[in-house]
Amino acid sequence: MRQGELVGVVGENGTGKSTLLKILVGLLEPTTGQVELRGSFGYCPQEMVIFESLTVRENFRYFAAAYGLDRTEPSTSYEDAKNDLLRRFHFHEYEDRLVSELSGGTKQKLNVSLALLHSPDVLILDEPYSGFDWETYLHFWEYADELRSRGTSILIVTHFVIDRSKFDRLFALADGVFRCA
Amino acid sequence: MRVGYVKTSCVMTAKELGRNRFALVLLVVIPMLFFTLVSLTTSEHPVAFRLASVSEDTIVQVSARNESLLFIGVAAVGLLSSFLALNLIQRNAAVNRRLILCGFRSSELILAKLSVLLLAVLVISLYVGLLLLVFFRPEHFVNVVLGFVLAGFVHLCYGLLVGTTVKRELEGILLIVLLVNIDAGWLQNPVYYAEAQNKLLIRWLPAYFPSQASIVSAFTDHSIFSSFIGSVAYGALLLIAALLIYWWRMRVVRPR
């Protein structure tokens, strides 16, 4: 992937799109080959991988600690990043609510936001907007364009046909083979 | 090991545990229920038994009710501790792995869980000890509570081992209930132990040392040092196994 490039991955259910992303981020070990990465990455899995018994604020804090953001100077940078994501995806009013009390769409907003919190160089997103309403979906793409203009490379697994025109390159995964679509 | 990371994880783990209402209700209700049942179903009839960790010649004679109350106290602490550990290690395993992907180390996450669980074991042991006082006064109350803490420690390590080994909650609960029921809830009872055919097998079970520590403290003036060391060593072995499996299951391959 080149800097600032938006790459899409499509394929039928069960072809291994999510497995591919898991190999890229290191959750699975490849049987052959290797993954090379320059810079930091953010990963949003297809499933809701967030703490249900913590609040939205606490989830942000926990992941900020993982990224080392709460120990960087200036200390306000993490708060700014969090507030920016809450505002962009319109869920700031839920900041102090337990995740278990939120709707599926709002949980997905948090799921995606946790991958964006540390402004990574490469974003790897597995069907990030499933569960989003139309407005949030549009906000997501606005934000994706903004990130690309700042040099962030983005890899997205998608099922939506209408998204295809948005990608710089699109790959299809079928029968274990990765082809330019 | 980065202290700041462990501290953050401790705070979040404590919040997770504190918000688990079902677990909190169990913590309060199970010891009460166990003690009440024992109190209602046993008699003051004296029972005599030999204490395995003291001497074959030392025969202790106490009321059946007091002996059973103490014995069920150990079982209650063991059951609750292993259940809590299982719950904490199995729940959110995928999110914890995501945290590791984002920068945490598995050792930091498990250390935080262990710290919170040890604190919980202290609270449970003290609570069960105080409840025991409602029914009878043991010879050495502080050492009895220490015996409960040791039971909690050994069983929390067992719970961590089960939680890291099996993936599904049902299998984990079954393994915990089976072991605690057979070991702490039956075989370690000194009345049964005295007549057991194969005492060596019973001595190798997790609840042996903590049960001995509690019973010796409650009814005699003997030292519990050997039971203390045995419990810590047993728990440490279980813990090392749990840590290794946790590390293996949570590992991520860092891209080059």
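This is a predicted model, so every value here is computed, not measured.

Here is what the cut-offs are and how they apply
- Residues numbered from 1 in each chain as written.
- Chains lettered and ligands numbered in written order.
- Predicted model: local features only at pLDDT ≥ 70, side-chain atom pairs only at ≥ 80, totals over all residues.
- Helix = DSSP H or I, 4+ residues; strand = E, 2+ residues; numbered from the N terminus.
- Buried ≥ 20, exposed ≤ 12 C-beta atoms within 10 Å, placed from the backbone.
- Contact = placed C-beta atoms within 7 Å.
- Pairing = 2+ DSSP bridges.
- Axes fitted to C-alpha atoms, helices over the stretch in contact; angles between N-to-C directions.
- Nonpolar A, V, L, I, M, F, W, Y, C, P; charged D, E, K, R; others polar.
- Right-handed = clockwise from strand over helix to strand, strands pointing away.
- Expected span 1.5 Å × (residues − 1).
- Bend = angle between axes of the 7 residues up to and from the residue.
- Parallel < 35°, antiparallel > 145°, perpendicular 65-115°, else oblique.
- Left-handed = near helix turned anticlockwise from the far one by under 90°.
- Core = buried A, V, L, I, M, F, W, Y, C linked by C-beta atoms within 7 Å.

Considering the overall build of chain A
No. 1: Across its full length, chain A carries five helices and six strands.
No. 2: Its C-alpha atoms give chain A principal-axis dimensions of about 45 × 35 × 30 Å.
No. 3: By the burial criterion, 38% of the 181 residues in chain A qualify as buried.
No. 4: Looking at chain A alone, contacts between residues at least 24 apart form 74% of all its contacts between residues at least 6 apart.

A few points about the sheet that holds strand β5 (residues 169-174) of chain A
All names here are of chain A.
No. 1: If you walk across this open sheet you meet the six strands as β2-β3-β4-β1-β5-β6, and the pairing is mixed. Single-partner strands in this sheet number two, and they are β2 (41-44) and β6 (177-180). Shown here is a sheet whose adjacent strand axes are inclined to one another by a mean of 15°, direction ignored.
No. 2: Strands β2 and β3 (122-126) of the sheet are contacted by helix α4 (residues 104-116), whose axis makes an angle of about 165° with β2.
No. 3: Strand contacts of helix α5 (residues 134-149): β1 (6-10), β3 and β4 (153-157), with the helix running at about 145° to β4, the strand carrying the most contacts.

Observations regarding the interface of chain B and chain A
No. 1: Taken together, the contact pairs 23 residues of chain B with 22 residues of chain A.
No. 2: Among the elements of the structure, α1 (3-18) and α4 (93-102) of chain B are those that each provide at least two residues to the side of chain B that touches chain A.
No. 3: The dominant element in the side of chain B that touches chain A, judged by the number of residues it contributes, is α4(B), at seven residues.
No. 4: Partitioning the side of chain B that touches chain A into residue classes produces eleven nonpolar, five polar and seven charged.

Re the pairing of β4(A)
Residue and element names in this part refer to chain A.
No. 1: Among the five residues that make up β4, five are buried, leaving the element largely enclosed by the rest of the structure.
No. 2: Here β4 shows a buried face lined by Ser-153, Leu-155 and Val-157 and a second buried face lined by Ile-154 and Ile-156.
No. 3: Note: β1 against β4, four bridges, orientation parallel. Each residue of the ladder has a partner; that of Val-7, found in β4, is Leu-155.
No. 4: Taken together, the five bridges between β3 and β4 define a ladder with parallel strand orientation. Residue Ile-124 lies in a different strand from β4, and its bridge partner there is Leu-155.
No. 5: A crossover links β3 with its parallel partner β4, the connecting element being α5, and its sense is right-handed.

Here's the deal with α4(B)
No. 1: Of all ten residues that make up α4(B), seven are buried, and the element is covered over most of its length.
No. 2: The set of residues buried in α4(B) consists of Val95(B), Asn96(B), Arg97(B), Arg98(B), Leu99(B), Leu101(B) and Cys102(B).

Side note on helix α7 (residues 169-187) of chain B
Residue and element names in this part refer to chain B.
No. 1: Helix length check: α7 (19 residues) gives 26 Å between terminal C-alpha atoms against 27 Å at 1.5 Å per residue, within 8%.
No. 2: The principal kink in α7, of about 30°, is found at Val-180.
No. 3: Looking at the buried residues of α7, the elements they touch are α3 (64-90), α6 (141-165), α8 (190-194), α9 (199-203) and α10 (208-219).

What to know about the environment of Gly129(B)
Residues and elements named next belong to chain B.
No. 1: Here Gly-129 is to be found in helix α5 (residues 106-135).
No. 2: Overall, Gly-129 belongs to the buried group, with 22 C-beta atoms counted inside 10 Å.
No. 3: The spatial distance from the C-alpha of Gly-129 to the C-alpha of Val-149 is 9.9 Å, given a sequence separation of 20 residues.
No. 4: Those residues in contact with Gly-129, other than ones at most four positions away along the chain, are Phe-141, Val-144, Val-145 and Phe-148.

What about the packing of α3(B) against α7(B)?
Each pair of packed helices can be summarised by the angle the axes make with each other and by the distance between the axes.
All names here are of chain B.
No. 1: Across the interface, α3 lies against α7 with an axial gap of 10 Å and an inter-helix angle of 160°. Classed by the angle they form, the pair α3 and α7 counts as roughly antiparallel. Between α3 and α7 the crossing geometry is right-handed. Across from Val-74, Ala-75, Gly-78, Leu-79, Ser-82, Phe-83, Leu-86 and Gln-90 in α3, the residues of α7 making contact are Glu-169, Gly-172, Ile-176, Val-180, Ala-184 and Gly-185.
No. 2: When the residues that make up the contact of α3 with α7 are grouped by side-chain class, the tally is eight nonpolar, five polar and one charged.

Comments concerning the nonpolar core
No. 1: By size, the foremost hydrophobic cluster in this structure holds 121 residues, and its most contacted members are Phe63(A), Leu117(A), Ile124(A), Leu117(B) and Cys157(B).
No. 2: In terms of residue count, α3(B) provides more of this core than any other element does, 16 residues in total.
No. 3: Those residues in contact with Cys157(B) that sit more than four places away from it in its chain are Gly235(B), Leu238(B), Leu239(B) and Ala242(B).

Considering the pairing of β1(A)
All names here are of chain A.
No. 1: Here β1 lies mainly inside the structure; four of its five residues are buried.
No. 2: In terms of strand pairing, β1 meets β5 through four bridges, oriented parallel. Following the sheet pairing, Val-10 is matched in β5 by Ala-172.

Considering unusual backbone geometry
All names here are of chain A.
No. 1: Even without glycine at this site, Ser-119 takes up a positive phi of about 45°.
No. 2: Locating Ser-119 in the fold gives a position in the loop between α4 and β3.
No. 3: Of note, the phi angle at Asp-175 is positive, near 50°, even though the residue is not glycine.
No. 4: Along the chain, the position of Asp-175 falls in the loop between β5 and β6.

Here we look at the packing of α5(B) against α6(B)
Residue and element names in this part refer to chain B.
No. 1: Contact geometry for α5 and α6: axes closest at 9 Å, N-to-C directions at 140°. Judged by the angle between their axes, α5 and α6 are oblique. Between α5 and α6 lies a crossing whose hand is right-handed. Only Phe-141, Val-144, Val-145, Phe-148, Val-149, Gly-152, Phe-153 and Leu-156 of α6 make contact with α5, whose side of the interface consists of Leu-117, Val-121, Leu-122, Ile-124, Ser-125, Leu-126, Val-128 and Gly-129.
No. 2: Among the residues making up the contact of α5 with α6, the classes are represented as 13 nonpolar, three polar and no charged.

Spatial relationships are all this shows, so hold off on functional conclusions.
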